[in-house]
Amino acid sequence: MNFSQRDKKHNWHPYTQHKTAPNFPAIVKGKDALLWDENDKEYIDAIASWWVNPFGHSNKIIADAIYEQLTTLEHVLFGGFTHNKAVELSEKLMEILPSNQQKIFYSDNGSTAVEIAVKCALQYNYNKGEKRTKVIAFEDAFHGDTFGAMAASGITFFTEAFKGSLLEVVRIPIPTEGNEEQTLFALENLVKTNEFAAFIFEPLVLGAAGMIMYSPEVLDQLIAICNQYKVFTIADEVMTGFGKTGKTFASDYLQNKPDMMCLSKALTGGTIPMAITTFTQEIFEGFYDDDVNKALFHGHTFTANPTGCAAALASISLLQTEAMQSNIQEVHQSHIEFEQKIKNHPKVKTTRVLGVIFALEVKTETQESYYGTMRNKLYNFFIENGVILRPVGNIVYILPPYIITPNQLQKVYQTIEKALDIV
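Parameters and conventions
Residues numbered from 1 in each chain as written. Predicted model: local features only at pLDDT ≥ 70, side-chain atom pairs only at ≥ 80, totals over all residues. Heavy atoms only, no water. Pairing = 2+ DSSP bridges. Helix = DSSP H or I, 4+ residues; strand = E, 2+ residues; numbered from the N terminus. Axes fitted to C-alpha atoms, helices over the stretch in contact; angles between N-to-C directions. Contact = heavy atoms within 4.5 Å. Phe/Tyr/Trp six-rings, centres within 6.5 Å; stacked < 30°, edge-to-face > 60°. Buried < 20%, exposed > 50% of the residue type's maximum accessible area, 1.4 Å probe, protein only. Lys NZ or Arg CZ within 6 Å of the ring centre and 35° of its normal.

1. Quick notes on the sheet that holds strand β7 (residues 196-201)
For sheets, the rule is that strands pair by backbone hydrogen bonds, running either parallel or antiparallel.
Phase 1 of the analysis: As summarised here, the arrangement of the seven strands in space is β4-β12-β11-β10-β7-β5-β6, forming an open sheet in which the pairing is mixed. Strands with a single pairing partner mark the edges of an open sheet, and in this sheet they are β4 (103-107) and β6 (169-172). Averaged over neighbouring strand pairs, the angle between their axes works out to 20° when direction is ignored.
Phase 2 of the analysis: By the bridge criterion, three bridges tie strand β10 (residues 232-236) to strand β11 (residues 260-263) in an arrangement that is parallel. Bridge assignment links Asp236 to a residue of β11, and that residue is Cys262.
Phase 3 of the analysis: Lying over the sheet, helix α4 (residues 84-96) contacts β4 and β12 (275-279), oriented at roughly 125° with respect to β4.

2. Looking at the packing of aromatic side chains
Phase 1 of the analysis: This model, assessed by the stated rule, comprises 16 aromatic pairs.
Phase 2 of the analysis: Between Phe242 and Phe249, the ring centres sit 5.3 Å apart and the planes meet at 65°, which makes this aromatic pair edge-to-face.
Phase 3 of the analysis: Accessibility expressed as a relative area gives 0% for Phe249, which makes it buried.
Phase 4 of the analysis: Three or more aromatic residues link up through ring pairs in this structure, and these residues are Tyr15, Trp50, Phe142 and Phe158.
Phase 5 of the analysis: Over the ring of Tyr253 we find Lys247; its NZ or CZ atom is 5.1 Å from the centre of that ring.

3. Considerations on the sheet that holds strand β13 (residues 348-354)
Phase 1 of the analysis: Strand order in this open sheet of three strands is β13-β14-β16, and the pairing throughout is antiparallel. Both outer strands of the open sheet, β13 and β16 (395-398), are each paired with one neighbouring strand and no more. Taking the axes of each pair of neighbouring strands and ignoring which way they run, one obtains an average angle of 15° across the sheet.
Phase 2 of the analysis: Relative to strand β14 (residues 357-362), β13 runs antiparallel, the two sharing six bridges. Residue pairing in the sheet places Thr351 in a bridge with Leu360 of β14.
Phase 3 of the analysis: Contacts between helix α12 (residues 322-342) and the sheet are confined to β13, β14 and β16, with β13 contributing the most and set at about 165° to the helix.

Have a look at this one:
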């Protein structure tokens, strides 16, 4: 019995209905943008394994940094102690984050990074004796699967079973082109009530909603409104961070910077689970008090894990190289050229590109569900043809490792074209 068959005996996979799921390919090795299964079938990882591997698989620079750290200090508790890698990483992040970000809180995944931001927004107001207990988010947003992050998400079938157990979140329309005034009006009407602690958003691109994009100009206006009414802004950059949009952070496109930022996924180059929530000095000072009860009582065992910090330092250094920045621009340009070619295809409704992100919407006669029939047919076709793509309903997107070769990227494009004609 091979790994693919043995997998079903004990393993429970994410976002999977196991009664109807097939055997999954068992991946045994990876290098750069390629993965191989136990039958030696080759796959192009065109989504960087859920957006976490921008520098490819088995990256030697990150692996060497991890090995050196593992043989020096693999872990030490961060409660009551610190260590050199956490200090070095915080200093490195201060060089690349928006200048208003001054404090860093370590955790282990994107959902938790969001959870921490939401908790801080609520507790800041509690510490000040103000009753602001609600949060604003976009419709169709996705911020994670822990309770605070889930509450801020708008993809209903993820949250339906828990509706009565979630904090109160009010959703506003996504400010896509032509919809900006409606969104601005909705936000201002909410924040002027003084009931809201925070507005959380995926800056410029809503990933799990199907790579829905909107302009930095309207986001600047939304943040300005929140600033006017003293509502904290939380940029969930778990997906967009570390080069995906063409800049280091999507927030780098903005004039008005968020009060908090959530980072994970590509932070360690896809090697070790790690996340960071960053804050302005003002927010930190809302917890800085002689009263111990005003401290942020949040943490977990692997906070600021030294090995994760070492991986993150290596990952950021790779991102900053001229070669990697050039790769990002080359992928972007290839996407633009493919968009020009495919946008008038009779089965393509819309296309969009930002940085290394490409998305197209397939024309359908009916509303396609998130895991609907068309999505599953497309997904299976891509896997059969050695390309890892995970459509969202009828939206096909590419978000590849930055080191993908031109020939590999062309194969991804060609496979999408074939899928449109066949599926």
